[in-house]
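So you can see what is in the structure, the chains are spelled out below.
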Amino acid sequence: MNGTLTIAALTVREALRRRLVGAFALITVCLVALSAWGFDRLSHSGSLTSGEQRLSEPQALIMFMFMFSFVVALSASAMGSPVIGADAESGVLQTIVARPLRRSEILFGKWLGLATVLAGYAAVVSGLEFGVVRIVSGYAPPDPVLVGVYLFVEGAALLSLALVLSVRLSPIAAGVIGIAVFGCAWLAGVVGSLGTTFHIAGLRDIGSIARYVVPTDGLWHGAIYYLEPRWFITSSVASIGNRAGDPFFASSAPSAGYLVFVVCWFAVVLAIGTFGFERKEL
Amino acid sequence: MLPNRSAEVDSTALRAVDSSGSESRSPAIHTVGLRKQFRATVALRGLSMTVERGEVFGFLGPNGAGKTTAVKLLLGLVRRTGGEAMVLGAPAGDLETRRRIGYLPELFRYQGWLTAEEVLLYHCRFLELERARRSGAVREALSIVGLAGRGPDKVATFSKGMQQRLGLGVALLGNPELVVFDEPTSALDPVGRHDVREIIRGLRARGTTVFLNTHLLDEAEQVCDRVAVVDQGQVVATGSLAELLGGRATVRLRVEGLEGMWWRDLPGPGSANPEGAWVVVRDVPSGGVPDLVRHIVERGGCVQAVVPEHESLEERFLEILKEHE
């Protein structure tokens, strides 16, 4: 356990020293400023009725948070993809592996360190965005903490995938595959939504299956749910029927069963990564 | 016949731990028929050798002989295909044993975004050195490798030679019982090489076993107690330098007062041939020079000069490889 924590501390330090966190901060400030401007226009343009404005605020926030979800996913993939492969290629890893550390400790320590950075980023970005939106428009989502948690877990899923891929693949290959998987999972979710809307079982099943193969889209829908006020869900369902087909709408939170599955998914992915790393020749 | 070929190794020596559980009498390194295959490429084809505790052991061989693969196997960085390897009385790669091993890899790279002190401190943490001992251990390591005063500098600002010195410092942390140096002077200038030799001698003086993987034969000649020559993944010769080089001296003689081809009657197994004013006698056995001189004097010759020419390790190394082909 000491080894894991030491590696995690080293990994966090690397993220801070290599200005990764600084780069995140810069991107975040730009995006938050953009969303502040957008919400200001929405609230003060005068072209919307009060009802339309009220309805548009949660929807706009979901769109902005989708943007942040993409940044988190991209960052998670970028952070996870070089973890093992790049360090093995450079020779840094050999000096660590020769120490009395289990390879599982090294892998999990690196995951823990990067997940800590990701959690910090998700917390800051959520807090900043919700705070700015509240100041500009007075709107606040009902469960901001849970939104941050789902955002983090979604990113952590992609981080885990990229990290596991990095055991066998080059950093570029692992990163590209990680991003492609995220895109495919989201697209499969949209396809599934279309299947639900038009009652096409095959398309609907694609969305359902994808959420179990890579849970990023399922977790994103968890974040959406906690971004929506209850009246918004009720009125959306009442006015345009069940919006289960809308990729930016969630009428229910992820089930407890699904959350258990997500925990198992993390365990299996990290176990596969550990197995691969244990057998990796350095 | 090569001296002390190590193909025949008593496999019972692998039982490093005796009935009382003591590991103290086990060799520092002991391998029997160690094999490693990377798909179609055979890197090691039955490597057998024994490195005793407290000795400086040179591991020599041409490029591609399998030296670095063997080192990585001993440290658990790669897995063996066959055979056995014991390090400090435990199977190679054993987690706890790694605490007692210092390692400088051939491809030495440390985190450029850390300072030299931080790199060493992290390795102290990996070794689980007591917190109170860490700063002292870091200072000592920096001082030994000639980086005192450079501790607060980022590794990224270091030259390759300084990074290799840092790697040496990392390998020395925690007073290891066995230090494995894989080409430890590849990036160093002559001063640095001298320093490394001094470090190795210092380690020997305190009883640390040093496993020196090098292709610099003069380096091995200066510091090693014993060497193994590796070729095509197996040990082709092993022994002390005296065993490898001894008994094969060449002697140049300048003699006056004898007529004819007197050198044909010289005693011993060596061959003698005139070269200008000199007679060169090859393969003179150890201690055979006085016999030669006595023989010449008894026959009325006047020995003007005797110049023994010992075969260098490099010459012997090339000879061994040629014999093995």
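About the thresholds
Residues numbered from 1 in each chain as written. Chains lettered and ligands numbered in written order. Predicted model: local features only at pLDDT ≥ 70, side-chain atom pairs only at ≥ 80, totals over all residues. Helix = DSSP H or I, 4+ residues; strand = E, 2+ residues; numbered from the N terminus. Rg over C-alpha atoms; globule rule 2.2 N^0.38 Å. Buried ≥ 20, exposed ≤ 12 C-beta atoms within 10 Å, placed from the backbone. Contact = placed C-beta atoms within 7 Å. Pairing = 2+ DSSP bridges. Axes fitted to C-alpha atoms, helices over the stretch in contact; angles between N-to-C directions. Domains from an automatic or database assignment. Expected span 1.5 Å × (residues − 1). Parallel < 35°, antiparallel > 145°, perpendicular 65-115°, else oblique. Left-handed = near helix turned anticlockwise from the far one by under 90°. Nonpolar A, V, L, I, M, F, W, Y, C, P; charged D, E, K, R; others polar. pLDDT = per-residue confidence, 0-100.

1. A short note on the overall build of chain A
- The number of helices and strands found in chain A is 12 helices and zero strands.
- The N-to-C order of helical and strand elements in chain A reads α-α-α-α-α-α-α-α-α-α-α-α.
- Relative to the 2.2 N^0.38 estimate, which gives 19 Å for 282 residues, the radius of gyration of chain A is 20 Å and therefore close to what a compact globule would have.
- Each of the three principal axes of chain A carries a C-alpha extent, and together these read 65 × 45 × 30 Å.
- Within chain A, the fraction of its 282 residues that count as buried is 43%.
- If you take every contact in chain A between residues at least 6 apart in sequence, the share linking residues at least 24 apart comes to 77%.

2. Some details on the overall build of chain B
- Helices and strands together make up the secondary structure of chain B, namely nine helices and 14 strands.
- Considering only contacts within chain B whose residues lie at least 6 apart along the sequence, 69% involve residues at least 24 apart.

3. Concerning the sheet that holds strand β2 (residues 41-51) of chain B
Residues and elements named next belong to chain B.
- The strand order across the open sheet built from four strands is β2-β1-β4-β5, with neighbouring strands paired in antiparallel fashion. The open sheet is flanked by β2 and β5 (90-91), the only strands paired with a single partner.
- Where strand β1 (residues 29-38) lies against strand β4 (residues 82-87), five bridges are found, and the strand directions are antiparallel. The partner of arginine 35 across the bridge, within β4, is glycine 82.
- Here helix α1 (residues 67-75) sits on the sheet and contacts β1, β2 and β4; the angle it forms with β1, its principal contact strand, is near 115°.

4. With respect to the domain arrangement of chain B
- Segmentation of chain B into domains returns domain 1 (11-244) and domain 2 (247-309).
- Domain 1 of chain B and domain 2 of chain B are separated by 44 Å when their C-alpha centres are compared.

5. Things to note about helix α1 (residues 2-17) of chain A
- With 16 residues, α1 of chain A should reach 22 Å at 1.5 Å per residue; the first-to-last C-alpha distance of 22 Å fits that figure.
- Gly3, Thr4, Thr6, Ile7, Ala8, Leu10, Thr11 and Ala15 of chain A are the residues of α1 of chain A that are buried.
- For α1 of chain A, the secondary structure elements touched by its buried residues are α2 (20-44) and α6 (103-137) of chain A together with α2 (116-126) of chain B.
- Trailing α1 of chain A by a residue or two, arginine 19 of chain A shows a phi angle of about 65°, which is positive.

6. Things to note about the packing of helix α3 (residues 50-80) of chain A against helix α7 (residues 144-168) of chain A
Residue and element names in this part refer to chain A.
- Running from N to C, α3 and α7 cross one another at 30°; their axes reach a closest spacing of 7 Å. In terms of orientation, α3 and α7 fall into the roughly parallel class. Of the two elements, α3 crosses α7, and the hand of that crossing is right-handed. Residues Met65, Phe68, Ser69, Val72, Ala73, Ala76, Ser77, Met79 and Gly80 of α3 lie in contact with α7, whose contacting residues are Val147, Leu151, Glu154, Gly155, Ala156, Leu158, Leu159, Ala162, Leu163 and Ser166.
- The residue inventory of the contact of α3 with α7, partitioned by class, reads 13 nonpolar, five polar and one charged.

7. Focus: the sheet that holds strand β14 (residues 302-309) of chain B
Residue and element names in this part refer to chain B.
- Strand order in the open sheet formed by four strands is β12-β13-β11-β14, and the pairing between neighbours is antiparallel. Here the strands that pair on one side only, and so sit at the sheet edges, are β12 (272-275) and β14. For this sheet, the mean angle separating the axes of adjacent strands, direction not counted, is 25°.
- Where β12 lies against strand β13 (residues 278-284), four bridges are found, and the strand directions are antiparallel. Along β13, the bridge assignment pairs alanine 272 with valine 281.
- Across the face of the sheet, helix α8 (residues 289-298) comes into contact with β11 (249-256), β13 and β14 while running at roughly 160° to β14.

8. A look at the packing of α7 of chain A against helix α12 (residues 256-279) of chain A
All names here are of chain A.
- At a minimum axis distance of 9 Å, the contact between α7 and α12 shows a crossing angle of 15°. With respect to α12, the element α7 is oriented roughly parallel. Between α7 and α12 the crossing geometry is left-handed. Seen from α7, the contacting residues are Ser160, Leu161, Leu163, Val164, Val167 and Arg168; seen from α12, they are Phe266, Val269, Leu270, Ile272, Gly273, Gly276 and Phe277.

9. Here's the deal with the confidence of the model for chain B
All names here are of chain B.
- Summary statistics for chain B give a mean pLDDT of 84 and a share of 90% for residues scoring 70 or more.
- Averaged over each element, pLDDT in chain B is lowest for helix α7 (residues 241-245) (75) and highest for α2 (95).
- The ipTM value of the predicted complex is 0.80, and its pTM value is 0.81.

10. Some remarks on the environment of valine 71 of chain B
Residue and element names in this part refer to chain B.
- Mapped onto the elements, valine 71 comes out in helix α1.
- Spatially, the C-alpha atom of valine 71 lies 7.7 Å from that of valine 180, the residues being 109 residues apart in sequence.
- With sequence-adjacent residues up to four places away left out, valine 71 is seen in contact with Val180, Asp182 and Asn213.

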